Amino acid sequence: SVFNLNLGLKQARPSDKHWAYFSQKDHSFFRVGFYHNFAAGLAPSGAGSMYAEVSYSSFKPIDKKKIVARIERDLRKVGLISNGDEILMRDINDIKYAYPIYDKNYAEARKQIMGFLSEHRITPCGRYGAWKYMSMEDVIQEGRIFAQRCFL
């Protein structure tokens, strides 16, 4: 599962990154991204928008009452926000089923699901639609291909 915290900042933090991964165990998040670097329209002019993602499971639980404060502390620790940054909004998305689970039934189950969707003229797209792990880059590329095929 993934606990996703979206932040709206009064000022955009200087960064040319779209997203960055953090593998260190002392950081609460594994990925941080900057929406305003994807597209300027994803934040008001001069403002910033970013997200931080924290993975969790029954084997690696998180305290949902304390995780937002910890994420913000860790963002300050790595220099992605400063003590002077004003956070205008916080939006939480708690994604229980963030990643497909591959088990011994996966291949047959996916085959049946794809067959059902095809019979009903439904085109699966993206990680959830295609029932497979896809990186953000893969999802964006698949979305472009789908849009070109359907709308151009």
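Residues numbered from 1 in each chain as written. Predicted model: local features only at pLDDT ≥ 70, side-chain atom pairs only at ≥ 80, totals over all residues. Heavy atoms only, no water.

**Quick word on the pattern of salt bridges**
Reasoning step 1: Tallied over the full model, the rule gives 7 salt bridges.
Reasoning step 2: Note that D74 and R70 form a salt bridge whose closest N and O atoms lie 3.6 Å from each other. Of this pair, D74 and R70 are both found in helix 2 (residues 67-77), 4 residues apart, which corresponds to roughly one turn of the helix.
Reasoning step 3: On the basis of relative accessible area, D74 is assigned to the buried category, the value being 5%.
Reasoning step 4: Across the salt bridge formed by R90 and E72, the nearest N and O atoms sit 2.6 Å from each other. Here the residue R90 occupies a position in strand 5 (residues 87-95), and E72 occupies one in helix 2, the gap between them amounting to 18 residues.
Reasoning step 5: Among the residues examined, R90 registers a relative accessible area of 47% and is labelled partly exposed.
Reasoning step 6: Through salt bridges with shared partners, a single ionic network connects D26, R70, D74 and K77. (Salt bridge = Lys/Arg side-chain N within 4 Å of Asp/Glu carboxyl O. Helix = DSSP H or I, 4+ residues; strand = E, 2+ residues; numbered from the N terminus. Buried < 20%, exposed > 50% of the residue type's maximum accessible area, 1.4 Å probe, protein only.)

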